[in-house]
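# Descriptive structure summary
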Amino acid sequence: MKPNVADILVEALPYIRSFSGKTIVIKYGGHAMVDEQLKKDFAKDITLLKFVGLNPVVVHGGGPQINSVLDRMGIRPQFVRGMRLTDEPTMDVVEMVLGGKVNKSIVSQINQQGGKAVGLTGKDGGLIQARKLKIYHQAEENKPPEIIDPGLVGEVTHINPGIINTLAEHGFIPIIAPVGYGELGETFNINADLVASKVAISLGAERLILLTDVDGVLSSAGELISSISVGSIPSMIEKKVITGGMIPKIECGREAIDSGVKKAHIINGTKRHALILELLTDEGVGTEIIA
Ligand SMILES: Nc1ncnc2c1ncn2[C@@H]1O[C@H](COP(=O)(O)OP(=O)(O)OP(=O)(O)O)[C@@H](O)[C@H]1O
Ligand SMILES: [Mg+2]
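Residues numbered from 1 in each chain as written. Chains lettered and ligands numbered in written order. Predicted model: local features only at pLDDT ≥ 70, side-chain atom pairs only at ≥ 80, totals over all residues. Heavy atoms only, no water.

### Looking at the packing of helix α7 (residues 192-203) against helix α9 (residues 246-258)
Angle between the axes and distance between the axes are the two parameters that describe a pair of packed helices. Cut-off, in case you're wondering: A fitted line through C-alpha atoms represents every axis, and for helices the fit uses only the stretch in contact; the resulting angles, taken between N-to-C directions, go from 0 to 180 degrees. Per the convention used, a helix needs a DSSP run of H or I reaching at least four residues, while a strand needs a run of E reaching at least two, with both numbered from the N terminus. We call two directions roughly parallel when the angle between them is under 35 degrees, roughly antiparallel when it is over 145, roughly perpendicular when it lies between 65 and 115, and oblique otherwise. Contacts between residues were defined by any pair of non-hydrogen atoms, one from each residue, lying within 4.5 Å. Here the term charged refers only to Asp, Glu, Lys and Arg, the term nonpolar to Ala, Val, Leu, Ile, Met, Phe, Trp, Tyr, Cys and Pro, and the term polar to all other amino acids, Gly among them.
Across the interface, α7 lies against α9 with an axial gap of 9 Å and an inter-helix angle of 10°. Judged by the angle between their axes, α7 and α9 are roughly parallel. In this structure, α7 uses Asp 193, Leu 194, Ser 197, Lys 198 and Ile 201 to contact α9, whose residues at the interface are Pro 248, Lys 249, Cys 252, Glu 255 and Ala 256. Of the residues that constitute the contact of α7 with α9, the class distribution is five nonpolar, one polar and four charged.

### A few points about the packing of aromatic side chains
Our working definition: Pairs were defined over the aromatic rings of Phe, Tyr and Trp, the Trp ring being its six-membered one, requiring ring centres within 6.5 Å. Orientation was assigned from the angle between planes: stacked under 30 degrees, edge-to-face over 60, tilted for the rest. Two conditions define a charge sitting above a ring: the NZ of Lys or the CZ of Arg must be within 6 Å of the ring centre, and it must be within 35 degrees of the ring normal.
Applying the stated criterion across every chain, the model contains one aromatic pair. Ring geometry for Tyr 28 and Phe 42: centres 3.6 Å apart, planes at 10°, overall stacked. You can see Tyr 28 sitting in strand β1 (residues 23-28) and its partner Phe 42 sitting in helix α3 (residues 36-51), a full 14 residues away along the chain. Taking the ring centre of Phe 172 as reference, the NZ or CZ of Lys 116 above it sits at 4.6 Å.

### Regarding a negative patch on the surface
To keep it simple, the criterion reads: Exposure above 30% relative accessible area and the lack of any salt bridge qualify a residue for a patch; like charges then connect within 9 Å, and the nonpolar side chains Val, Leu, Ile, Met, Phe, Trp and Tyr within 5 Å. Only the protein chains shown count as cover for residues, with accessible areas throughout obtained via the Shrake-Rupley method and a probe of 1.4 Å. Salt bridges, as used here, are contacts in which a Lys or Arg side-chain nitrogen is within 4 Å of a carboxyl oxygen on Asp or Glu. Asp and Glu count as negative and Lys and Arg as positive, but His and the ends of the chain are not part of the count. A charge is said to be at NZ when it belongs to Lys, at CZ for Arg, at CG for Asp and at CD for Glu.
A cluster of acidic side chains, namely Asp 7, Glu 11, Asp 282 and Glu 283, defines a negative patch on the protein surface. Relative to the elements of secondary structure, Asp 282 occurs in the loop between α10 (274-280) and β16 (287-290).

### Quick word on the site of ligand 1
Basically, it comes down to this: Here a residue counts as near a molecule or strand whenever at least one of its heavy atoms sits within 4 Å of it. For the purposes of these results, a polar contact is taken to be a pair of N or O atoms within 3.5 Å, where, inside protein, one atom must be able to donate a hydrogen and its partner to accept one; residues adjacent in sequence count only when each atom of the pair is a side-chain atom.
Around ligand 1 there are 21 residues in total, and His 31, Thr 212, Asp 213, Val 241 and Lys 249 lie nearest to it. Side-chain polar atom of His 31 to an oxygen atom of ligand 1: 2.8 Å apart, as the coordinates give it. Take Lys 249: an N or O atom from its side chain is 2.5 Å from an oxygen atom of ligand 1. Coverage of ligand 1 by the protein amounts to 80% of the 650 Å² it exposes when considered alone. Contributions of two or more residues to the shell around ligand 1 are made by α4 (63-72), β13 (207-212) and α9. By residue class, the composition of the shell around ligand 1 is eight nonpolar, ten polar and three charged.

### Topic: the pairing of strand β10 (residues 173-177)
Definition in use: Each residue's exposure class comes from its accessible area (1.4 Å probe, protein chains only) as a fraction of the maximum for that residue type: buried when under 20%, exposed when over 50%, partly exposed otherwise. Strand pairing is assigned whenever DSSP identifies at least 2 bridges connecting the two strands.
The element β10 is extensively covered by neighbouring structure, given that five of its five residues are classed as buried. In β10, alternate side chains face the same way, and those of Ile 173, Ile 175 and Ala 177 on one face and Pro 174 and Ile 176 on the other are all buried. Direction of pairing for strand β5 (residues 117-121) relative to β10: parallel, over a ladder of five bridges. Considered in β10, the bridge of Ala 117 is made with Ile 173.

See below:
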């Protein structure tokens, strides 16, 4: 029998009721911004969540978009443990692409759907304070880890949520580019997963949802792991089951859970309406990180 559309809508009622007024922080990965249709669908999903009474806050990435501009400028991107090594010319591109092109495109897509989105970088309203990140990299076993200087890569030291709360109270949807400022006025490129988890913690969010380009955390056999307990994470990184861009994702999911966020999910943002399926239906998708 064909499912009744009304039944499908009503299935969302318990979810809408339990999330009413609650903050949901969504990390929108650059890798999930695949084509115009998907971007439009994402904008619809966020707008719908706002209109049914949730309080969505978006933090976005933009890795592929940054790489494409760097490529045009003849700069080769380099990564360690999923973090972009960022010299000054790269930082300029990161700030322009994230705070400009990518941020404004999300804002205008949501506004086209009737939402009221406002774009911010971490500099606006003193939102994201940061300091230089040191990366410890274990290149070879039985040797002490190397300390790598990633350049202008930051880690969050403090979130001032005032601007986000003010916007949300007035019906706006904050869209945050992961660029922070240092004590001396430096500009820092921060992995968007890390920003999303810190924002979620500082807002006391109900959910942290990381939208990426894979179905969730995959096992070495390539199968989706639907639930991961925080205790099993270190050994999965050590055994190199989790590598690259999945490392900051899973680590920040763990941190969010440890700091009071109720649940964290990693889901495939290249599947249409994955966000709505995860939040408002019985159909759980992706990987859930649990305590
Ligand atoms: N065990 C694993 N399961 C799933 N993906 C993994 C795993 N280990 C590494 N990855 C990689 O992590 C990638 C996701 O992180 P990535 O940083 O590339 O994207 P993103 O964070 O969604 O986008 P952006 O960095 O632009 O915001 C996957 O595409 C995959 O290649
Ligand atoms: Mg990433």
